[in-house]
Amino acid sequence: ADAERAITQMALGGADLIFTTSFGYMEATNTVAGQFPDTKFEHATGFMREHPNVSTYDARFYEGRAVIGHIAGRMTKTNKIGYIASFPIPEVIQGINSSFMHARKVNPDVEMVVIWAYTWFDPAKEADAAKAMIEQGVDVILQHTDSTAPQAAAAEANAAGGEVYTFGQASDMAAFAPLPRIASIIDDWGPYYVKRVQAVMDGTWDSGHSWGGMAEGEVVIGEITDAVPADVKAEAEGMIAAVTAGEYHPFTGPITKQDGSVFLAEGEVATDLQLVQMDFYLEGMLGDIPS
């Protein structure tokens, strides 16, 4: 709610380039940009570029979620994996679908429990979601929220005799390795920030949209711990190498939607437009996406 004021203060303070790093800052970024045409604005994960001094950038998180989904499908013993979701936007829906699809490829019996937290960061809500999943028999938890609360909840369950695995999100969360955190999906915006700051300094900055992934070093899988069997680790590393080299796209057909209709035919690769408009679950997912 305070974003517009905060961004305005940065512009008034003489900032040449302002990064606004959450989807929820989209409208505030564009409002302020209209008032400061000489300042450059970069908005993360959004799509609005109402002024020539606004750019948007995103990362192909679905690439990393394919990898951790594969690991999750191989590690679960209850065949129930969980996904703590933030907001029902295409980025998050891509992540759910990519994780679930790749878990199912190696374990056709997998079910995914999704709990919507409606936040990017709220330790109390995230902990409650993790505990609710564990009570439902989930033994591998993925998250699209940024606190370590789900890791702590899993560690608590394991201390009481459970066997729950988790994945770090956004940061490595290595303090919870080797268990329950067995790997992580890390957002590394560094390469993009360096490139865009240099462009401002060089006078070559222009408005546009960037969507980097593993190949650009923006989506990184953190250390896969020894809690993961060697063969599973090797499979995951093979997928990382293939995605990075452009040899494998996680959304390659045949893929069917939850309603039974065809999303992608055999061998067909999803276009960026199809991905950024994703508003449906894939076949086998239970429940509905909230509006």
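Residues numbered from 1 in each chain as written. Predicted model: local features only at pLDDT ≥ 70, side-chain atom pairs only at ≥ 80, totals over all residues. Heavy atoms only, no water.

Engineer: Sorry if this is basic, but what is going on with the overall build of the chain here?
Structural biologist: When you go through the chain residue by residue, the secondary structure sums to 9 helices and 12 strands. Taking 291 residues into account, the globule formula puts the C-alpha radius of gyration at 19 Å, and the chain, at 20 Å, falls close to it. Overall, the C-alpha framework of the chain stretches about 55 × 45 × 35 Å when taken along its three principal axes. Considering only contacts within the chain whose residues lie at least 6 apart along the sequence, 65% involve residues at least 24 apart. Of the charged side chains in the chain, 17 are positive and 40 negative, and the gap between their average positions amounts to 1 Å. (Helix = DSSP H or I, 4+ residues; strand = E, 2+ residues; numbered from the N terminus. Rg over C-alpha atoms; globule rule 2.2 N^0.38 Å. Contact = heavy atoms within 4.5 Å. Lys, Arg positive; Asp, Glu negative; His and termini not counted. Charge placed at Lys NZ, Arg CZ, Asp CG, Glu CD.)

Engineer: It is not clear to me how the pairing of strand 4 (residues 80–85) should be interpreted in this structure. Could you clarify?
Structural biologist: By the criterion of burial, strand 4 is predominantly enclosed, with 5 of the 6 residues buried. Where strand 4 and strand 5 (residues 111–116) come together, 6 bridges link them in parallel fashion. From the neighbouring strand, Ile81 faces strand 5, where its bridge partner is Met112. For the handedness criterion, the β-α-β arrangement of strand 4, helix 4 (residues 90–106) and strand 5 is classed as right-handed. (Buried < 20%, exposed > 50% of the residue type's maximum accessible area, 1.4 Å probe, protein only. Pairing = 2+ DSSP bridges. Right-handed = clockwise from strand over helix to strand, strands pointing away.)

Engineer: Teacher, can you tell me more about the packing of aromatic side chains here?
Structural biologist: Each aromatic ring pair is specified by the distance between its two centres and by the angle formed by the two planes. Across all of its chains, the model carries 12 aromatic pairs by this definition. These aromatic residues form a ring-pair network of at least three members: Phe19, Tyr57, Phe61, Trp189, Tyr192 and Tyr193. A cation sits over an aromatic face here: Arg60 above Trp211, 4.1 Å from the ring centre. Above the plane of the ring of Phe280 lies Lys257, whose end atom (NZ or CZ) is 4.5 Å from the centre. (Phe/Tyr/Trp six-rings, centres within 6.5 Å; stacked < 30°, edge-to-face > 60°. Lys NZ or Arg CZ within 6 Å of the ring centre and 35° of its normal.)

Engineer: For this particular structure, what's the right way to read the environment of Glu135?
Structural biologist: Residue placement: Glu135 occurs in helix 5 (residues 123–135). Separated by 22 residues in sequence, Glu135 and Ala157 have C-alpha atoms that sit 9.8 Å apart.

Engineer: Would you explain the environment of Val228 in this entry?
Structural biologist: With respect to the secondary-structure elements, Val228 resides in the loop between strand 10 (219–221) and helix 8 (230–244). In sequence terms Val228 and Ala28 are 200 residues apart; their C-alpha atoms lie 43 Å from each other.

Engineer: Looking at this structure, how should I read the pattern of salt bridges?
Structural biologist: Working definition: two side chains of opposite charge can pair if their charged atoms are close together. Taken as a whole and judged by the stated rule, the model has 7 salt bridges. In this structure, the salt-bridge partner of Asp231 is Arg74, at a minimum N-O distance of 3.1 Å. With Asp231 in helix 8 and Arg74 in helix 3 (residues 61–75), this pair connects stretches of sequence that are 157 residues apart. The partner of Arg181 in a salt bridge is Asp172, and the shortest N-O contact between them spans 2.9 Å. In this structure Arg181 comes out as buried when scored by relative accessible area, which is 0%. Members of the salt-bridge network, linked through shared partners, are Arg74, Asp231 and Glu235. (Salt bridge = Lys/Arg side-chain N within 4 Å of Asp/Glu carboxyl O.)

Engineer: Help me understand unusual backbone geometry, please; the structure alone is not making it clear to me.
Structural biologist: With glycine set apart, most residues show a phi of negative sign, and most peptide bonds adopt trans. Geometrically, the link from Ala177 to Pro178 is a cis peptide bond, its omega value of 5 degrees lying close to zero. As for its position among the elements, Pro178 is in the loop between strand 7 (165–170) and strand 8 (181–187). A cis amide bond links Leu179 to the next residue, Pro180, at an omega of 5 degrees. As for its placement among the helices and strands, Pro180 is situated in the loop between strand 7 and strand 8.

Engineer: Quick question: what am I supposed to make of the packing of helix 3 against helix 4 here?
Structural biologist: How two helices pack is summed up by the angle between their axes together with the distance between the axes. Where helix 3 contacts helix 4, the two axes come as close as 7 Å, and the packing angle between them is 35 degrees. Like other packed secondary-structure pairs, helix 3 and helix 4 cross with a definite hand, here right-handed. Listed contacts from helix 4 to Phe61, Tyr62, Arg65, Ala66, Gly69, His70, Gly73 and Arg74 of helix 3 are Glu91, Gln94, Gly95, Ser98, Ser99, His102, Ala103 and Val106. (Axes fitted to C-alpha atoms, helices over the stretch in contact; angles between N-to-C directions. Left-handed = near helix turned anticlockwise from the far one by under 90°.)

Engineer: Explain the sheet that holds strand 4 here, please?
Structural biologist: Hydrogen bonds between backbone groups are what pair the strands of a sheet, and the pairing can be parallel or antiparallel. Ordered in space as 5-4-6-7-8-10, the 6 strands form an open sheet in which the pairing is mixed. With one partner strand each, in any of the chains shown, strand 5 and strand 10 form the two edges of the open sheet. The sheet shows a mean angle of 15 degrees between the axes of neighbouring strands, direction not considered. Taken together, the 2 bridges between strand 6 (residues 140–143) and strand 7 define a ladder with parallel strand orientation. By the bridge assignment, Ile141 is partnered in strand 7 with Thr166. Most of the contacts of helix 4 go to strand 4, to which it runs at about 170 degrees, and overall it touches strand 4, strand 5 and strand 6.

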